[in-house]
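# Descriptive structure summary
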Amino acid sequence: MNDVIRIHDLRVSTRVGVGDIEREHPRGLLINVELRTDTTAAGVSDDLADTINYHEVASVVAEVVRSTEARLLEYVAERIATVLKEKYGRVGVTVTVAKEHPPIEEDIRAVSVTIERDGG
């Protein structure tokens, strides 16, 4: 599948982190999602019913993140990928979850995790 639907920089707040300081208050995560699917039918028909509705994808991802209190970004990314594959079937999914300004000693703008799951 060569076609890709992307969601860029969806900001969602949740509690995530290992230490008490990180978990004390919800923090914003930036989520990027790629869905690899065949969009040929939608390109011909111009009908939303023939493609994956990115508004719906954004809502699903936001709900997954808000309802998941995790220690690891890897867990959040895996939950997102699992739910999207369950909902949309045989799509390839790439999910990046970034945490801005993590509470560590070094000056880092963000840390992120990217996972990729095939369309099978």
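Residues numbered from 1 in each chain as written. Predicted model: local features only at pLDDT ≥ 70, side-chain atom pairs only at ≥ 80, totals over all residues. Heavy atoms only, no water.

### A word on the sheet that holds strand β4 (residues 110–117)
- As summarised here, the arrangement of the four strands in space is β1-β2-β3-β4, forming an open sheet in which the pairing is antiparallel. The open sheet has two free edges, formed respectively by β1 (3–14) and β4, since each of these has just one partner strand. Each strand of the sheet is rotated relative to its neighbour by a mean of 15 degrees, with strand direction disregarded.
- Strand direction decides the pairing type here: β1 and strand β2 (residues 27–37), joined by ten bridges, are antiparallel. Pairing of I5 across the sheet is with L35, part of β2.
- Across the sheet, helix α3 (residues 54–66) is in contact with β1 and β2; its angle to β1 comes to roughly 35 degrees.
- Contacts from helix α4 (residues 73–88) reach β2, β3 (92–100) and β4, with the element oriented near 150 degrees to β3. (Pairing = 2+ DSSP bridges. Helix = DSSP H or I, 4+ residues; strand = E, 2+ residues; numbered from the N terminus. Axes fitted to C-alpha atoms, helices over the stretch in contact; angles between N-to-C directions. Contact = heavy atoms within 4.5 Å.)

### Examining the packing of aromatic side chains
- For the structure on display, the rule yields zero aromatic pairs.
- The ring of Y88 has K87 sitting right over it, with the charged end atom 5.8 Å from the ring centre. (Phe/Tyr/Trp six-rings, centres within 6.5 Å; stacked < 30°, edge-to-face > 60°. Lys NZ or Arg CZ within 6 Å of the ring centre and 35° of its normal.)

### A look at α3
- For α3, with 13 residues, the first-to-last C-alpha span of 18 Å sits near the 18 Å given by 1.5 Å per residue.
- Among all positions of α3, only V57, V60, V61, A62, V64 and V65 are buried.
- By the N-cap criterion, in which a side-chain oxygen at the helix start approaches the backbone nitrogen of a residue two or three places on, α3 is capped by N53, the distance to H55 being 2.8 Å. (Expected span 1.5 Å × (residues − 1). Buried < 20%, exposed > 50% of the residue type's maximum accessible area, 1.4 Å probe, protein only. Polar contact = N/O pair within 3.5 Å; in protein donor to acceptor, adjacent residues only side chain to side chain.)

### Describing α4
- In this model, α4 (16 residues) spans 23 Å end to end at C-alpha, consistent with the 22 Å of a helix rising 1.5 Å per residue.
- Along α4, the residues classified as buried are L73, V76, A77, I80, A81, V83, L84, K85 and Y88.
- Contacts from the buried residues of α4 go to β2, α3, β3 and β4.

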